[in-house]
Amino acid sequence: MTTVLFDMDGIILEGPRTDPQVYAAAADEALAKLEADPTPAQRRDLRRHGIDSVRERCRELELDPDRFWALKEAAASEHTHERIRSGERGVYDDIDAIAALADRTTVGLVSNNRHRTAEFVADSLPIEFDVVRGRDPTFEGFRRRKPDSYYIDDALSKLGVDDGLHVGDSPKDVVAGRAAGLETAFVRRSHNRLLDRPEGTTYELGSLIELHDLVEP
Ligand SMILES: [Mg+2]
């Protein structure tokens, strides 16, 4: 029985990452909620992810950085869920292979995306994930994203296993999977087709369907 942990963005959700416009709108909403009045330069930094510059801008505006970050993360999840509901952001055709795999082995979802969004996606799909883990809505949670193995380790410990396969579309997934002691599958999508095969890749796949023969029942 092999445990298979899937990355989300670029594996299930189309495209490699959340649209930066989502974070821009989320930052604007958090600022409005906090009744802040930033300069254009402050707003620009607060829309981005740079932790040091976000902290610095919050200090300048006398905002609690942890509160700002949590509000921005929550708003980003709401926007993302709306984009998924409306079909603006779709899912890949081959994710049926995950549902089929879930019937015969342990499967998990481990994402750098926000935990709320990972749960939303898991709930919206006909796939029975045994564990779902996305990033915590804190600065520390953001720092622990892959290539750090933190969230993979956490998922493995929740499942009570210490080996398996991590399936992702980014070199970061390979690094994190390796660091967690797993085999790794690097899936080719249109956005990564020109990348070199990441060092440490165990299997290179053209489609999730290939997992069917790879994973022993
Ligand atoms: Mg990805």
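Scroll up for the structure.
Residues numbered from 1 in each chain as written. Predicted model: local features only at pLDDT ≥ 70, side-chain atom pairs only at ≥ 80, totals over all residues. Heavy atoms only, no water.

Undergrad: So what exactly am I meant to see when it comes to the nonpolar core here?
TA: Note that soluble globular proteins tend to have their nonpolar side chains buried in a common cluster. Judged by nonpolar contacts, the single largest core of 30 residues is most densely connected at Phe6, Ile12, Phe129, Val167, Leu208 and Leu211. Breaking this core down by element, the ones donating at least two residues are strand 1 (3-6), helix 5 (96-102), strand 2 (106-114), helix 6 (115-124), strand 4 (165-168) and strand 5 (183-187). Here Phe129 is in contact with Phe6, Ile12, Ile98, Val107, Gly108, Leu109 and Ala122, once residues within four sequence places are set aside. Formed by 15 residues, the second largest nonpolar core is a distinct cluster that contains Ala27, Ala30, Phe68 and Phe142. (Core = buried A, V, L, I, M, F, W, Y, C linked by side-chain atoms within 4.5 Å. Buried < 20%, exposed > 50% of the residue type's maximum accessible area, 1.4 Å probe, protein only. Helix = DSSP H or I, 4+ residues; strand = E, 2+ residues; numbered from the N terminus. Contact = heavy atoms within 4.5 Å.)

Undergrad: How should the packing of helix 1 (residues 20-33) against helix 2 (residues 40-47) be read in this particular structure?
TA: Relative orientation and spacing of two packed helices are given, respectively, by the angle between their axes and the distance between those axes. Remark: helix 1 packs on helix 2, axes separated minimally by 8 Å, with the N-to-C direction vectors making an angle of 120°. Taken together, the axes of helix 1 and helix 2 lie oblique to each other. Every pair of crossing elements has a handedness; the one defined by helix 1 and helix 2 is right-handed. Contacts between helix 1 and helix 2 involve Tyr23, Ala24, Ala27, Asp28 and Leu31 on the former and, on the latter, Arg43, Leu46 and Arg47. (Axes fitted to C-alpha atoms, helices over the stretch in contact; angles between N-to-C directions. Parallel < 35°, antiparallel > 145°, perpendicular 65-115°, else oblique. Left-handed = near helix turned anticlockwise from the far one by under 90°.)

Undergrad: Would you explain the coordination of the magnesium ion in this entry?
TA: Six octahedral donors around a metal ideally make angles of 90 or 180 degrees; four tetrahedral donors ideally make 109.5 degrees. Every protein donor of the magnesium ion is accounted for by Asp7 (OD), Asp9 (O) and Asp169 (OD), and the metal-donor separations fall at 2.0 to 2.2 Å. On the primary sequence, the residues serving as donors to the magnesium ion are separated as D-x1-D-x159-D. With a gap of 162 residues between them, Asp7 in the loop between strand 1 and helix 1 and Asp169 in the loop between strand 4 and helix 9 (171-179) connect regions that are remote in the sequence. Residue Asp7 is classed as buried on the basis of its relative accessible area, which comes to 6%. The exposure class assigned to Asp169 is buried, which follows from its relative accessible area of 5%. (Donors = N, O, S within 2.8 Å, 3.2 Å for Na, K, Ca; no water.)

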